[in-house]
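Examining the three-dimensional arrangement
Residue strings, one per chain:
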Amino acid sequence: MALSFTDDDSLFKFVVTDGNGVKGLVDSGIMEVPGRYIQPPHERIPKQQLPVESPENMTIDLSELDGPNHDQVVKAIAHAAETLGFFQVVNHGVPLELLDSLKVAANKFFNQPVQKKVVYLKGASPSPNVVYTTSFAPKLEKVLEWKDIISMNYTNDADALEFWPNECKEAALDYIKTSKEIVKRLFGALMDKLDVKLEDSRIDALLGTRMVNMNFYPPCPNPDLTVGVGRHSDVTTLTILLQDDIGGLYVKKYENLSPLNEEWVDIPPIHGALVVNIGDTLQILSNGRYKSAEHRVRTTSTASRVSVPLFIFPVPEEKLGPFSELVARDGVARYKELIFQEYIDNFYGNPHEGKKCLDFASI
């Protein structure tokens, strides 16, 4: 028999405070979407309006960076970063067996009894670097997102092996390590196209924080009413995303359009591919030339979906602002200089609201 909730407070306690998450809600047998999850009409993703695959949705063979097509590949990467802000890469050097094991690990963690997961709730977790939660910022959101998360912030191997969940720590740690080369190569290509030269120490600082999330989207009774993730851009330098074969990731094609005129592009699952998206940090550094993409996730009624993003941030104390070479060329700085920790505090201090977080850095 499905649980019933007399008010929003009892629902919030069950899902958020007690750590049952959306998974617990679905496992209870609910047949309808609770009111706290029903999005206002302009935020919903109706099935009949879903876009077809777009020509802008590029897949890039990274192995060709080492061959005679190097310049064309760099150009393709930069073009994607300047337009949609999203692209997919194949032959990227991350073993396909590892990608499969990440999806298995994510499902294994979330399909455990709730008692095994709540030990990682904020305030109870054995380490501040590993947190189990639901939605994005549930205490700040008027409407919750249909998603549970385990988040693992990397500091060193010893910390990860001691404190990260046994179900997923080895796969997540391998993902961080084997993705390091792809991140540096992508960032290097993007800097080459900007004609910006950076010292190794600056590159290390801009790519110096790595965090793996495992996202779990349980089946939803009515996907037309909910979102798995609301519209937002990432605060990262780069995000490397593994998605399963369910699909549901959509990217806004143009900025500054009214909700009535928006066009969203499907990022379809491709076996063995990784999705790359530009984050706010890179938009700021490039003085607006590279675009952090506004994206969102639709829920599904047929199966659970998992995704595993690797977030690449600057170190918290890094000064963030447009590269001086670009300001000189452009004749204007479109963003102010700030400490990255200030920017990320602003991001996590607000619910998802498109690319509004960039206003914090805008001049």
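Residues numbered from 1 in each chain as written. Predicted model: local features only at pLDDT ≥ 70, side-chain atom pairs only at ≥ 80, totals over all residues. Heavy atoms only, no water.

1. Re the overall build of the protein chain
A count of helical and extended segments in the protein chain gives twelve helices and 14 strands. Relative to its length of 363 residues, the protein chain is compact, with a C-alpha radius of gyration of 20 Å against a globular reference of 21 Å. Within the protein chain, the proportion of its 363 residues that are buried is 54%. Counting contacts in the protein chain only where the partners sit at least 6 residues apart, residues at least 24 apart contribute 78% of the total. Counting only carbon and sulfur atoms, one obtains 51% of the accessible surface of the protein chain, whose full area is about 16100 Å². Across the protein chain, 37 positive and 50 negative side-chain charges occur, with their mean positions spaced 2 Å apart. (Helix = DSSP H or I, 4+ residues; strand = E, 2+ residues; numbered from the N terminus. Rg over C-alpha atoms; globule rule 2.2 N^0.38 Å. Buried < 20%, exposed > 50% of the residue type's maximum accessible area, 1.4 Å probe, protein only. Contact = heavy atoms within 4.5 Å. Areas by Shrake-Rupley, 256 points an atom, 1.4 Å probe, with all protein chains shown as cover. Lys, Arg positive; Asp, Glu negative; His and termini not counted. Charge placed at Lys NZ, Arg CZ, Asp CG, Glu CD.)

2. So, the sheet that holds strand S11 (residues 295–297)
A sheet is described by the order of its strands in space; here four strands give the open sequence S6-S11-S8-S9, paired in antiparallel fashion. Edge positions in the sheet fall to strand S6 (229–232) and strand S9 (264–266), since each of these pairs with one other strand and no more. Sheet twist, expressed as the average angle between the axes of neighbouring strands with direction ignored, equals 25°. Relative to S11, strand S8 (residues 249–252) runs antiparallel, the two sharing three bridges. Looking at the pairing, Leu 249 lines up with Val 297 of S11. (Pairing = 2+ DSSP bridges. Axes fitted to C-alpha atoms, helices over the stretch in contact; angles between N-to-C directions.)

3. Quick look at the packing of aromatic side chains
Applying the stated criterion across every chain, the model contains eleven aromatic pairs. Ring centres of Phe 136 and Tyr 348 lie 5.8 Å apart, and the angle between their planes is 25°; on these two criteria the pair is classed as stacked. Taken together, the residues span a long stretch of sequence, with Phe 136 in the loop between strand S3 (130–134) and strand S4 (148–154) and Tyr 348 in helix H12 (residues 340–348) at a distance of 212 residues. Residue Phe 136 is classed as buried on the basis of its relative accessible area, which comes to 17%. When the ring of Phe 313 is compared with that of Phe 340, the centres are 6.0 Å apart and the planes differ by 45°; the resulting orientation is tilted. Residue Phe 313 is found in strand S12 (residues 305–313), and its partner Phe 340 is found in helix H12; the two are separated by 27 residues along the sequence. Among the residues examined, Phe 340 registers a relative accessible area of 2% and is labelled buried. Ring-pair connections join several aromatic residues into one group, and the members of that group are Phe 109, Phe 110, Tyr 120, Tyr 132 and Phe 216. The ring of Trp 264 carries the charged tip of Arg 296 above its face, separated from the ring centre by 3.9 Å. In this structure, Lys 336 is placed above the aromatic ring of Phe 360, and the distance from its NZ or CZ to the ring centre is 5.2 Å. (Phe/Tyr/Trp six-rings, centres within 6.5 Å; stacked < 30°, edge-to-face > 60°. Lys NZ or Arg CZ within 6 Å of the ring centre and 35° of its normal.)

4. What about the sheet that holds strand S7 (residues 238–243)?
With respect to topology, eight strands assemble into an open sheet ordered S1-S2-S10-S7-S12-S5-S4-S3, the strand pairing being mixed. The sheet is open, and its two edges are formed by strand S1 (59–61) and S3, each paired on a single side. When strand polarity is set aside, the average angle formed by the axes of neighbouring strands in this sheet is 25°. One ladder, built from five bridges, connects S3 with S4; its direction is antiparallel. Opposite Val 131, over in S4, you have Ser 151 as the bridge partner. Of the strands in this sheet, S3, S4, strand S5 (209–217), S7, strand S10 (274–278) and S12 touch helix H4 (residues 96–110), which is tilted by about 60° from S5.

5. Description of the pattern of salt bridges
Evaluation of the coordinates by the stated rule reveals 17 salt bridges. Its salt-bridge partner being Glu 318, residue Arg 202 comes within 2.6 Å of it at the nearest N-O pair. Here Glu 318 lies in the loop between S12 and strand S13 (319–320) and Arg 202 lies in helix H9 (residues 200–206), a separation of 116 residues in the sequence. By relative accessible area, Arg 202 is classed as partly exposed at 25%. (Salt bridge = Lys/Arg side-chain N within 4 Å of Asp/Glu carboxyl O.)

6. Brief notes about empty space enclosed by the protein
Throughout the structure, instances matching the rule amount to one cavity of 30 Å³ or more. Volume-wise, the largest cavity comes out at about 40 Å³. In terms of lining, the largest cavity is formed by Leu 96, Leu 99, Asp 100, Lys 103, Leu 242, His 271 and Gly 272. In terms of residue count, the dominant contributor to the lining of the largest cavity is H4 (four residues). Partitioning the lining of the largest cavity into residue classes produces three nonpolar, two polar and two charged. (1 Å grid on protein atoms, 1.4 Å probe; cavity = no way out; pocket = protein on both sides within 12 Å on 5 of 7 lines; lining within 4 Å. Points joined across faces, edges and corners; volume = space filled by probe spheres on them. Nonpolar A, V, L, I, M, F, W, Y, C, P; charged D, E, K, R; others polar.)

7. Quick word on the packing of helix H3 (residues 70–82) against helix H8 (residues 180–194)
Look at H3 against H8: their axes get within 9 Å of each other, and the N-to-C directions meet at 85°. In terms of orientation, H3 and H8 fall into the roughly perpendicular class. Of the residues in H8, those in contact with Val 74, Lys 75, Ile 77, Ala 78 and Ala 81 of H3 are Leu 186, Ala 189, Leu 190 and Lys 193. Tallied by class, residues from the contact of H3 with H8 come to seven nonpolar, no polar and two charged. (Parallel < 35°, antiparallel > 145°, perpendicular 65-115°, else oblique.)

8. Structural notes on the pairing of S12
Summarising burial for S12: nine of the nine residues are buried, a large majority. Side-chain alternation along S12 places Arg 305, Ser 307, Pro 309, Phe 311 and Phe 313 on one buried face and Val 306, Val 308, Leu 310 and Ile 312 on a second face that is also buried.

9. A few points about the environment of Ile 203
Structurally, Ile 203 is set in helix H9. Here the alpha-carbon distance between Ile 203 and Pro 314, two residues 111 residues apart in the chain, equals 9.0 Å. Here Ile 203 is in contact with Phe 187 and Leu 198, once residues within four sequence places are set aside.

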